[in-house]
Amino acid sequence: MTNAFNGPGPDAVFAAALAEGRFMLQQCDDCKKYVFYPRVLCPHCGSPELTWQPASGQGAVYSTTVVRRKPEQGGDYNVALVDLAEGPRMMSRVDGIPPHEVFIGLAVRAHIIDDPKKGKLLVFTPAQGGVA
């Protein structure tokens, strides 16, 4: 097992997986709960035995807000907290619909995009059906 005690740190492993086009989550070998953000120890039971598992990419919007910007600065965008199907909650954004149309309970699916300024990013788009 590779963890922060004997290899690359968990943030580096997560970023490397995104760079390869894979969305991975840590899962505790002891309590079986999933973890995000990447860590050295399980926040649920304290175990250092965290392994990387492919994430389903499915989730639902828990909270959302619209950040207002002038059009010449890129226009408005959405910031959302997404509850992943595996359990953890993460901050990201929902693309593919206008920012003001994102709503709590919206079913979403993860996508890895290549942002010219920030590199590989994990964002979400509405899932087919729309409501989780």
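Definitions and cut-offs
Numbering of residues begins from 1 in every chain and follows the order in which that chain's sequence is written. Residue-level local features of this predicted model are given only where pLDDT is at least 70; pairs of side-chain atoms are given and counted only at 80 or more, and the full residue set underlies all totals for whole chains, interfaces and linings. Each side-chain value is derived from all of the structure's non-hydrogen atoms; neither hydrogens nor water enter the calculation. Two strands pair under a simple rule: DSSP has to find at least two bridges between them. Every helix listed is a DSSP run of H or I at least four residues long, and every strand listed is a run of E at least two residues long, numbered separately from the N terminus. Two cysteine sulfurs form what is called a disulfide whenever their separation falls within 2.5 Å. Any Lys or Arg side-chain nitrogen located within 4 Å of an Asp or Glu carboxyl oxygen qualifies as a salt bridge. Accessible area is worked out with a 1.4 Å probe on protein chains only. A residue is then buried under 20% of its type maximum, exposed over 50%, and partly exposed in between. Where each domain starts and ends comes from a domain assignment, either automatic or drawn from a database. Whether two residues are in contact is decided by their heavy atoms: any pair within 4.5 Å suffices. Reported buried area values correspond to the accessible surface (1.4 Å probe) lost by two parts on association, with both partners' losses combined.

Draft legend 1. Spotlight on the sheet that holds strand 3 (residues 50-54). Taken in spatial order, the three strands line up as 2-1-3 in an open sheet, and their pairing is antiparallel. A single partner strand is all that each edge strand has here, and the edge strands are strand 2 (34-35) and strand 3. Pairing between strand 1 (residues 24-28) and strand 2: two bridges, direction antiparallel. Paired with Gln26 across the bridge in strand 2 is Val35.

Draft legend 2. Region of the structure containing the state of the cysteines. For the structure shown, the criterion picks out zero disulfides. Free cysteine Cys31: the closest other cysteine sulfur is in Cys42, separated by 3.7 Å.

Draft legend 3. View of the pairing of strand 4 (residues 58-67). Of the pairings in the sheet, the one linking strand 4 to strand 7 (residues 106-115) comprises three bridges and is antiparallel in character. Pairing of Gly59 across the sheet is with Val108, part of strand 7. Taken together, the eight bridges between strand 4 and strand 5 (residues 77-84) define a ladder with antiparallel strand orientation. Directly across from Val61, in strand 5, lies its bridge partner Val82.

Draft legend 4. Representation of the pattern of salt bridges. Taken as a whole, this structure holds four salt bridges when the rule is applied. Residue Arg89 pairs with Asp83 through a salt bridge whose shortest N-O separation is 2.6 Å. For Asp83, a relative accessible area of 25% corresponds to the partly exposed category.

Draft legend 5. Highlighting the domain arrangement of the protein chain. According to the domain assignment, the protein chain consists of domain 1 (10-54) and domain 2 (58-126). Computed from C-alpha coordinates alone, the two centres of domain 1 and domain 2 are separated by 21 Å. Opposite the nine residues of domain 1 that make contact, domain 2 presents nine residues. Carbon and sulfur atoms supply 83% of the area buried between domain 1 and domain 2, which totals about 840 Å² over both sides. Applying the counting rule to domain 1 against domain 2 returns zero salt bridges.

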